[in-house]
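Breakdown of the fold
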Amino acid sequence: MAIVTAPTKACAVNPLKMSQPIGGAFAFMGLRGAMPLLHGSQGCTSFGLTLFVRHFKEAVPLQTTAMSEVATVLGGYENLEQAILNIYNRTKPKIIGICSTGVTETNGDDVDAYLKLIRSKHPQLAKLPLVYVSTPDFKGAFQDGWGKAVARIVEVLVERPGANGLRDPLKVNVLPGCHLTPGDIDELRVILEDFGLCPSFLPDVAGSLDGHIPDEFTPTTIGGIGVDEIAGMGRAGWTIAIGAQMQRAAEVMQVKTGVPFRVFERLCGLCPNDEFMTFLSEISGRPIPLKYRRQRGQLADAMLDAHFHIGGRKVAIGAEPDLLFDMSGMLHDMGAQVTAAVTTTQSEVIERIKTKEVLIGDLEDLEGLAKTHHCDLLITHSHGRQAAARLKLPFYRTGFPMFDRLGAGHQLSVGYRGTRNLIFEIANLVIAHREENDQPTPDRWRTAAGLPRCSGYRSSAGAAGRSIA
Amino acid sequence: MAIVTAPTKACAVNPLKMSQPIGGAFAFMGLRGAMPLLHGSQGCTSFGLTLFVRHFKEAVPLQTTAMSEVATVLGGYENLEQAILNIYNRTKPKIIGICSTGVTETNGDDVDAYLKLIRSKHPQLAKLPLVYVSTPDFKGAFQDGWGKAVARIVEVLVERPGANGLRDPLKVNVLPGCHLTPGDIDELRVILEDFGLCPSFLPDVAGSLDGHIPDEFTPTTIGGIGVDEIAGMGRAGWTIAIGAQMQRAAEVMQVKTGVPFRVFERLCGLCPNDEFMTFLSEISGRPIPLKYRRQRGQLADAMLDAHFHIGGRKVAIGAEPDLLFDMSGMLHDMGAQVTAAVTTTQSEVIERIKTKEVLIGDLEDLEGLAKTHHCDLLITHSHGRQAAARLKLPFYRTGFPMFDRLGAGHQLSVGYRGTRNLIFEIANLVIAHREENDQPTPDRWRTAAGLPRCSGYRSSAGAAGRSIA
Amino acid sequence: MRSLAATVQNIFDEPGCAKNGIKSEAERKNGCTKQLQPGSAAGGCAFDGAKVALQPFTDVAHLVHGPIACEGNSWDNRGAASSGSNLWRTSFTTDLSETDIVFGGEKRLCKAIKEIIDKCDPPAIFVYQTCIPAMIGDDINAVCKAASQRFAKPVIPINSPGFVGSKNLGNKLAGEALLDYVIGTQEPDYTTPYDINLIGEYNLSGELWQVKPLLDELGIRILSCISGDGKYREVASSHRARAAMLVCSKSMINVARKMEQRYGIPFFEGAFYGIQDSSESLRQLARLLVERGAPADLLGRTEAVIAREEAWARAAIGPYRPRFEGKKALLITGGVKSWSIVAALQEAGLELVGTSVKKSTRKDKERIKELMGQDAHVIEDITPREMFKMLKDAKADIMLSGGKSQFVALKAAMPWLDINQERCHAYMGYVGMVKLVEEIDKSLSSPMWEQLRRPAPWQALAKAMEQMQSPAAAIACDPALAETARRARKICVCNTVDLGTIEDAIYAHGLRSVAAVREHTNAAGGCCRRRIEGILVSDPSAMVQAAE
Amino acid sequence: MRSLAATVQNIFDEPGCAKNGIKSEAERKNGCTKQLQPGSAAGGCAFDGAKVALQPFTDVAHLVHGPIACEGNSWDNRGAASSGSNLWRTSFTTDLSETDIVFGGEKRLCKAIKEIIDKCDPPAIFVYQTCIPAMIGDDINAVCKAASQRFAKPVIPINSPGFVGSKNLGNKLAGEALLDYVIGTQEPDYTTPYDINLIGEYNLSGELWQVKPLLDELGIRILSCISGDGKYREVASSHRARAAMLVCSKSMINVARKMEQRYGIPFFEGAFYGIQDSSESLRQLARLLVERGAPADLLGRTEAVIAREEAWARAAIGPYRPRFEGKKALLITGGVKSWSIVAALQEAGLELVGTSVKKSTRKDKERIKELMGQDAHVIEDITPREMFKMLKDAKADIMLSGGKSQFVALKAAMPWLDINQERCHAYMGYVGMVKLVEEIDKSLSSPMWEQLRRPAPWQALAKAMEQMQSPAAAIACDPALAETARRARKICVCNTVDLGTIEDAIYAHGLRSVAAVREHTNAAGGCCRRRIEGILVSDPSAMVQAAE
């Protein structure tokens, strides 16, 4: 069981964390015809927007109530009203998702009350869903914002089934955590469909942010799950939540509609996918398709090929709790040691991470730990590139943001196939790094085996092992 | 139109080419319960075996007639007979595929006659298919051996349909070139099935060499296309040949069974896949599934994102003709210039490669051309690693063998999705290389812009461009 | 020390600003920042602007006092280059928590400053104020003052919380902080008659280094670049320069003007984009320096360098002229670039179908008219939707703009080049302009565009095909049902003839051609022509005959 | 010059070979290579053996005279390491074409040699003969002789075409070529009383460098290593060594024995695998050198180094003993390793459940019995199938072998370590043995194995599930058919009750438990228990009640 350590520094250096409001806004990006709106100063939106654009390499819809200093003093009602009307008139959205920020939370804006007032003043908005979620910057992190937003969407948009509203056992709700990429969601969609199930993904960023070429210019999201489909989610046979962050949304769904749920905390690795397949087979009443039987064999084979390279590695990982839990679990399963683990926010999965200590911290902490513990593989988002360069470690990018490589949206980690590819990628990274940096030379051995003069060269088996490795 | 240049050197340095017999043997590895047998000295088999094992990281069945010096003088009949009986008794194969080698070809062994004699002497072999293909080492290359073997398999094993033997328009034969990986074949299988078609892959190395964990130890191939399925290929509605190397096998199929065929010379890139999808839609009578419409958009988007990095690159590629044609075509389509192209053997596609000159040569030639033409990306099989290191170029591995990285069998290049991933991979390789080697510094600019002393620094726009790039 | 409001007002009053010059006093008081429109605003905040302007100082620790959003969502996103320290790339933030909001964040800020000094000991720390601490009343001026004294190290407050205004205002507030706390606080080791300042140049992608060799060659020393590849000591002693060039007039005009006022450093507005532009800037620099006492031969030497560089650049661009013939470019940028790049593109033979003037001064606009003629297509403002349509309709062959409109152009399958901050190529000076032309050529000549513009296969396929229905795949692969399903397949959709019917006709009548099949069945032989051909050649006896 | 046949015969007669010692003269004449079995043979040919033995000479150009198969299919596949030249990694082959076969390949060979000299000018070229040129009568001895003279450079024929025999024979033929053409042809710059040769050591993964520091410390100089990290000049002057160690007795015993005969260099067979082994080899080297005149203090110094190294290694291995308790290892290798590694593994606390003796001498086998007891599980030969079964049945916890059996072990989901040529870790000397133990521990303790051995989910799922039939996915997703299909779904397969029936029962009777549903319908509630639960909780009113 891992010990969870909180930060003691006053100054975060090279943050790992991203803010809650943009996590919330991200969730709305998985809805069709949506316009996410940050209630705050325009910088809050501008930074978030740039981050999403650099990650997905897509135009991303995100608006702001553009709170000025004066507006902040007076309260944000007018700005919110104006923003909603403006968006309604200009972009004809199917839904507006509103996230608060530090500014408006500090100010104490009562957005729920504002919305009531706005609706009463503007009857033309009667049919426009307005979903508000409270996401102050000074609390939680990206995945918290996402989780909260999805729970709110369920609360507001899913319809309570009628008195004897029957459910369709083949219809399945999937609530993916924000650590799943569009590629992951597409992979899951195919898997569920191969079991004859009809999945509804909430949110469905695969539909909106998978990279595609629209015929027309549209200022809102294109693709994603529609408001109607969300409304009907109460008729599903099951809800599958992926990542502990989605547990609450799944519970809200169950309380509201009675749809039972199951949380899959991991979908990367052999056993997690065995459980997933078993579950799908049970709820669909179908045998596991041949395709996945072959993929399972391929994954097992990949693990065997890769364990020579990944096994025994000392890994440093920095990621949000659910991603950290999943990645570190998979690497542990492969025989690697997760020696440095840093995350962004509290979560009940953290203490179950297979490592000694998990720090809620920043990339400076990760870099320091990786150095102290002689890690030989670094895994985090793109901001880790500076640390990787300084430490001269092979660097695997995962999580959000990934702005310095292409294809972030298509990176796969779920399913047998996704795990297989991930394992190959990490192993090949390690192999390439070894080739470039660890070729045996007469001198390396000399240092390793040590000449008598060089005292302390063999203080422990571990140390000798390291220098030879 | 590319000029094709033949080698003038007496000494091949760092060969690109692999031999014909193992290309032939490889084809047999895509048949279920097969034992490929090289008729030659045991070294011929041992080298080939090691090559396959290192590439696929799998146990690979491959046997030898173990011709000794004495046997060579006497003729190979006895060794062949003994080998077949031995294999028959020990491994119970469903088929033995025999490829000649330089030794037995130089010797003039009449294997067809030998096989008749062996069959007549050993009635127990009556039902065991024995397919022989002539593949001397001193002619052609790997892909020639594969192509010939598949043509022979069709000739020998496919049954001529009965007088009014009707065909099933949904049944489609696919004859993949040896440049397709098991991953490619699985991808094609899913695509065809999504059109409601029932594909038979000959050979099907995806079934045998995709990496899987058998429950029992089996000395022959496990998986692959069965002899029965091959026999029934004459009932298909269409034959799809992939790569010009498969044209002959497709023709043999048509002459023997009347199944019409279409050759797809490329399956990597946007337009080649548009054509492929159109064809599948036409022969299946089904619209193109939504999945592929989304994948096409994703590919187009990937091309847009990646063209900043791949466009304008001067690329050096060494590969067998069909792979070279496909890869260079895709890169040309992305705006790259294929500035150095080396291949292994003659093929009618070579002169249609979008480059000035194609050399039938070796990796020394490729290295030299890459240097002279200031190429900034090197693409060839794993043996190119030394050249890449010397030239300090980003190096993309493709083709056979790929022994220094994992997952060779799962590398994808076909289909919209395969092309998309390939493009991301190459672009990311280029980006990573630039980050590590081409960061701007005050001195780099100084050299580029040049001080008056440094004469000739701007001999041409091209040269100035290069040093800045 | 002035209040933030006073500073902002002061900036709005900027007499050096060309736009301001033509306003009434009342208008000036109103400020020049466009009122933000909730729900349709874009662009960064004042904090963003301040950070952008100062972060290129490479050896300074930049500490953001605020919740995680301000720094966590935005760090490491700019491509300025450094020839020395990389400290500027390290991100520092107080990451305020709810407790800090309740009890005030000054203590945490104090501690953060100490931590940074203990770890990095930088020559200075810039502390950026953000909205929330400003709202709760954290006095960063006081904290910085106390810290400066306690640690005997410059700790500079950058008082530019996001909600006070736009990015542009933030640039200027950053300049005010430099003027108030930094410039003139140190002395250079030595001075020369050739010392200059560059103001508002950020060395993005290291582009400054495309020009610096020419200055080096002329003996002109950059005493301080504010702020690209800048060092704290350099800016602190920048008041000893003999002349200055204001590279980006929008961002730091207040710095240039006030340095002229306070220290008598003459400046001019210039740019190094384009050939003429670069030459003009070199010329002006030389002139100003000579006026301030530098030996007069500098003028002649400068002209010689200009002549050489222009000749080289024109020769390098020459070969592209025929390649660019008839090609139309759309330029969406602003300020100086709106005309300086126009000139360069025209020199290379491109036709300009439009240029935006959203951020341009009146003088800029005049230059444009001079270059493009009176009926120049001058774009005041353009929505993404209009831009998309313009490109889709192929009104232009290539668009040059900033990253913000990147995906609008790309999604229209149109060549596009980044000419703003985020680009990875450097386009400054003569070398840079040649590079720009090369990049345009590379993009225009890519065979990719034509492919991307082709219709998707489903658009190309006959409509009939689209509407066809097919039996479930599962049935098709089930051998038990296969034969029935096989014969039941509709071969010709238009007239719904099934395979069985056609096969029967072929065998009954010994048909050999599509036309014959058409006669004997109900098949139209249009969309299904290929499939009927397939059935015909699939008759093995016929095939064998044909082969003989 | 002897004929190839004579050379082969001569090798079969090798008196230094332990196996040969116990054979009758007739048996010896027959040769010691096992007759190859067509259709069940494995392993390389004589050419392969010759190349393996000589290629680690790093500064030599290795030219293969033959068709593409011999070199094209095999180059760059060995991990020998070089401290200097990388020429050995460059592949040269005449790539014979059909024309060459018809007209003879000697001319091409000649030209190839010239090309290599022009390009690389190596200190020597080794020319390898292969089957086809041997068949068509290319006389490489003559070509090499002529080339040597013409280019004044050693061009050495390695006459070992594949079909003359096994890889092992090829090793020895390579040795003969060294003896005939290389050794003794040059003189060293200087000699010392501490000069030794290592024969049959290939420096795979650079493992020699795990031992060399100890020799350096003792002042022992490797005059020539044949052939790991070797240089042509070193082997050419290796006849001046004072003593030699034959590292791999199987491959080059002829070289050691003939060098003793011709130049009086005493040798011993030894190995650096395992602690005892390494110590014994160091001791022997010292002893031989002192016998040949080196100062006697070498013996004492050697013992001191041995004592220090052994103590360190034992201490390093110690912590693994408890971790290895009860763990069983299966060792499939041969020769010296079959017992030297046994000793090391036992030292680390592993139980040996078997070791192969396929390539071991009688002496080797005796050592094994000494170590493992009289009833040691000694494996003469083992088929892959048996090996797989042995591992599947968990008779061993880990297998150590060469790469050839890698996939047999891995596919049985059993830990496996490569201890032959292809491995990427170096296991020589004391340091190497500790590394080996570490690697074994890493492999044994990996949580991966347990996961891989778990049954696949479909094996775990009830059989009933497997046999269920389900409607086509297409129908399931079609809204028009959905409700019918939905209600028609079989919820309980065993008794074929559909969803509609169950739902009706629930609503009609207000059922709340699986048991109740079982009573009112035909559902068994076994395999379908979870699904019935799903239907029950899906009643929203019930759920809301429960939540209140």
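Residues numbered from 1 in each chain as written. Chains lettered and ligands numbered in written order. Predicted model: local features only at pLDDT ≥ 70, side-chain atom pairs only at ≥ 80, totals over all residues. Heavy atoms only, no water.

**Digging into the overall build of chain C**
Scanning chain C for helices and strands turns up 30 helices and 15 strands. Per-residue burial for chain C yields a buried fraction of 59% across its 548 residues. Across chain C, the fraction of contacts at a sequence separation of at least 24, relative to all contacts at a separation of at least 6, is 69%. With an accessible surface of roughly 21,200 Å², chain C has 51% of that area assigned to carbon and sulfur atoms. (Helix = DSSP H or I, 4+ residues; strand = E, 2+ residues; numbered from the N terminus. Buried < 20%, exposed > 50% of the residue type's maximum accessible area, 1.4 Å probe, protein only. Contact = heavy atoms within 4.5 Å. Areas by Shrake-Rupley, 256 points an atom, 1.4 Å probe, with all protein chains shown as cover.)

**Points about the overall build of chain A**
For chain A, the helix and strand inventory stands at 19 helices and 15 strands. In terms of overall dimensions, chain A has C-alpha extents of about 85 × 60 × 45 Å along its principal axes. The burial tally for chain A puts 70% of its 469 residues in the buried class. Within chain A, contacts between residues separated by at least 24 positions form 72% of all contacts whose residues are at least 6 apart in sequence. Accessible surface, chain A as shown: approximately 14,400 Å² in total, 53% of it carbon and sulfur.

**Some remarks on helix H14 (residues 321-333) of chain B**
Residue and element names in this part refer to chain B. Between its first and last C-alpha, H14 extends 18 Å over 13 residues, near the 18 Å set by a 1.5 Å rise per residue. For H14, a buried count of twelve out of 13 residues is recorded, marking the element as mostly surrounded by other parts of the structure. Among the residues making up H14, those that are buried are Pro321, Asp322, Leu323, Leu324, Phe325, Asp326, Met327, Ser328, Gly329, Met330, Leu331 and Asp333. Two residues or fewer after H14 comes Gly335, characterised by a positive phi angle close to 95°. (Expected span 1.5 Å × (residues − 1).)

**Considerations on the interface of chain D and chain B**
Between chain D and chain B, the residue contacts involve 57 residues of the former and 58 residues of the latter. Interface area for chain D against chain B, summed over the two sides, is near 4,900 Å², with a carbon-plus-sulfur share of 58%. Inspection of the chain D/chain B interface yields five salt bridges. A salt bridge links Lys17 of chain B to Asp95 of chain D; the nearest nitrogen and oxygen atoms lie 3.1 Å apart. Here chain D is connected to chain B by 21 residue pairs in polar contact (both at pLDDT 80 or more). Counting only elements with at least two residues in the side of chain D that touches chain B, the list comes to helix H4 (46-54), helix H5 (68-72), strand E2 (92-93), helix H6 (98-103), helix H7 (106-120), helix H8 (131-136), helix H19 (384-392) and helix H20 (406-411) of chain D. Taken together, the residues of the side of chain D that touches chain B break down into 27 nonpolar, 17 polar and 13 charged. Across two bridges, the pairing between strand E2 (residues 12-13) of chain B and E2 of chain D is antiparallel. Residue pairing in the sheet places Ala12 of chain B in a bridge with Thr93 of chain D of E2 of chain D. (Buried area = accessible area lost by both parts, 1.4 Å probe. Salt bridge = Lys/Arg side-chain N within 4 Å of Asp/Glu carboxyl O. Polar contact = N/O pair within 3.5 Å; in protein donor to acceptor, adjacent residues only side chain to side chain. Nonpolar A, V, L, I, M, F, W, Y, C, P; charged D, E, K, R; others polar. Pairing = 2+ DSSP bridges.)

**A few points about the interface of chain C and chain A**
Interfaces are often described in size by the accessible area the parts lose on coming together. Across the boundary between the two partners, chain C contributes 57 residues, which contact 58 residues of chain A. Per-residue buried area on chain C facing chain A is highest for Pro38, Asn73 and Lys411 of chain C; these three make up 14% of the total on that side. Here chain C is connected to chain A by five salt bridges. Glu98 of chain C is the salt-bridge partner of Lys139 of chain A, the closest N and O atoms lying 3.4 Å from each other. Applying the counting criterion to the chain C and chain A interface returns 21 residue pairs in polar contact (both at pLDDT 80 or more).

**Concerning the packing of helix H1 (residues 4-12) of chain C against helix H10 (residues 167-182) of chain C**
All names here are of chain C. Between H1 and H10, the shortest axis-to-axis distance is 10 Å and the interhelical angle comes to 110°. Our classification of the angle between H1 and H10 gives roughly perpendicular. When the axes of H1 and H10 are compared, the crossing they make is right-handed. Between H1 and H10, the residues in contact are Leu4, Thr7, Val8, Asn10, Ile11 and Phe12 and Leu169, Lys172, Leu173 and Glu176, respectively. A class-by-class count of the residues in the contact of H1 with H10 yields six nonpolar, two polar and two charged. (Axes fitted to C-alpha atoms, helices over the stretch in contact; angles between N-to-C directions. Parallel < 35°, antiparallel > 145°, perpendicular 65-115°, else oblique. Left-handed = near helix turned anticlockwise from the far one by under 90°.)

**Let's talk about the domain arrangement of chain C**
Residue and element names in this part refer to chain C. Each assigned domain of chain C is listed here: domain 1 (33-182), domain 2 (195-316), domain 3 (320-453) and domain 4 (488-547). Domain 1 and domain 2 are separated by 28 Å when their C-alpha centres are compared. Buried surface at the junction of domain 1 and domain 2, summed over both partners, amounts to about 2,100 Å²; 58% is from carbon and sulfur atoms. When the area that domain 1 buries against domain 2 is broken down by residue, the three leading residues are Phe57, Leu179 and Val182, summing to 27%. Glu176 is the partner of Lys258 in a salt bridge, and the nearest nitrogen-oxygen pair spans 2.9 Å. Here domain 1 is connected to domain 2 by ten residue pairs in polar contact (both at pLDDT 80 or more). Put simply, the parts of the chain that give the side of domain 1 that touches domain 2 at least two residues each are helix H4 (46-54) and H10. Per element, the largest residue contribution to the side of domain 1 that touches domain 2 is ten residues, and it comes from H10. Split by residue class, the side of domain 1 that touches domain 2 holds 17 nonpolar, eight polar and four charged. (Domains from an automatic or database assignment.)

**Some points on the pattern of salt bridges**
In this structure the tally under the stated criterion is 103 salt bridges over all chains. One salt bridge connects Asp404 of chain A with Arg397 of chain A, and the closest N-O pair in it is separated by 2.9 Å. Assessed through its relative accessible area of 7%, Asp404 of chain A is described here as buried. A relative accessible area of 11% places Arg397 of chain A in the buried class. In this structure, a network of salt bridges that share partners links the residues Lys9, Asp362, Glu364 and Asp365 of chain A together with Lys119 of chain C.

**Focus on the sheet that holds strand E6 (residues 221-227) of chain D**
Residue and element names in this part refer to chain D. In spatial order, the strands read E6-E5-E7-E8; together these four strands make up an open sheet with parallel pairing. A strand with exactly one partner marks an edge of an open sheet, and here the two such strands are E6 and strand E8 (267-269). Averaged over all adjacent pairs, the angle separating strand axes in this sheet is 20°, with direction ignored. Pairing of strand E7 (residues 243-246) with E8, which is carried by three bridges, proceeds in the parallel orientation. Following the sheet pairing, Leu246 is matched in E8 by Glu269.

**So, the sheet that holds strand E1 (residues 3-5) of chain A**
Residue and element names in this part refer to chain A. Here we have six strands laid out as an open sheet, ordered E1-E13-E12-E11-E14-E15, and parallel in their pairing. The open sheet is flanked by E1 and strand E15 (395-397), the only strands paired with a single partner. Averaged over all adjacent pairs, the angle separating strand axes in this sheet is 20°, with direction ignored. Bridge analysis of strand E11 (residues 314-318) against strand E12 (residues 337-343) gives five bridges, and the strand direction is parallel. The partner of Gly318 across the bridge, within E12, is Val342.

**Quick notes on the pairing of strand E3 (residues 125-129) of chain C**
All names here are of chain C. Within E3, five of the five residues are buried, which leaves it mostly tucked inside the rest of the structure. In E3, alternate side chains face the same way, and those of Ile125, Val127 and Gln129 on one face and Phe126 and Tyr128 on the other are all buried. When strand E1 (residues 61-65) meets E3, the two strands line up parallel, connected through five bridges. Counterpart to His62 in the pairing with E3 is Phe126. Of the strand pairs in this sheet, E3 and strand E4 (residues 155-158) are connected by four bridges, and their pairing is parallel. Of the residues in E4, the one forming a bridge with Ile125 is Val155.

**Thoughts on the packing of aromatic side chains**
All names here are of chain A. By the definition in use, this model includes 40 aromatic pairs over all chains. Judged by centre distance (5.8 Å) and plane angle (40°), the rings of Phe26 and Phe142 are tilted. Taken together, the residues Phe26 in helix H1 (residues 20-28) and Phe142 in helix H7 (residues 142-157) connect sequence positions 116 residues apart. Each member of the pair, Phe26 as well as Phe142, is classed as buried. (Phe/Tyr/Trp six-rings, centres within 6.5 Å; stacked < 30°, edge-to-face > 60°.)

**Comments concerning helix H13 (residues 290-310) of chain B**
Residues and elements named next belong to chain B. Relative to the 30 Å expected for 21 residues at 1.5 Å per residue, H13 spans 29 Å between its end C-alpha atoms, a close match to the ideal helical length. For H13, the principal kink sits at Leu304 and spans about 30°. Summarising burial for H13: 16 of the 21 residues are buried, a large majority. At the exit of H13 stands Gly312, carrying a positive phi of roughly 80°. (Bend = angle between axes of the 7 residues up to and from the residue.)

**So, the side chain of Lys57 of chain B**
Mapped onto the elements, Lys57 of chain B comes out in the loop between helix H2 (42-56) and strand E4 (63-64). One buried charged residue, Lys57 of chain B, remains without a salt bridge, the closest side chain of opposite sign being Asp305 of chain A at 6.7 Å. Engagement of the side chain of Lys57 of chain B in a polar contact is seen with the backbone oxygen of Arg54 of chain B, the distance being 2.6 Å. Residues within four places of Lys57 of chain B in sequence aside, it is in contact with Asp301 and Asp305 of chain A, Phe52, Phe403, Arg405 and Leu406 of chain B together with Phe407 of chain D. (Lys, Arg positive; Asp, Glu negative; His and termini not counted.)

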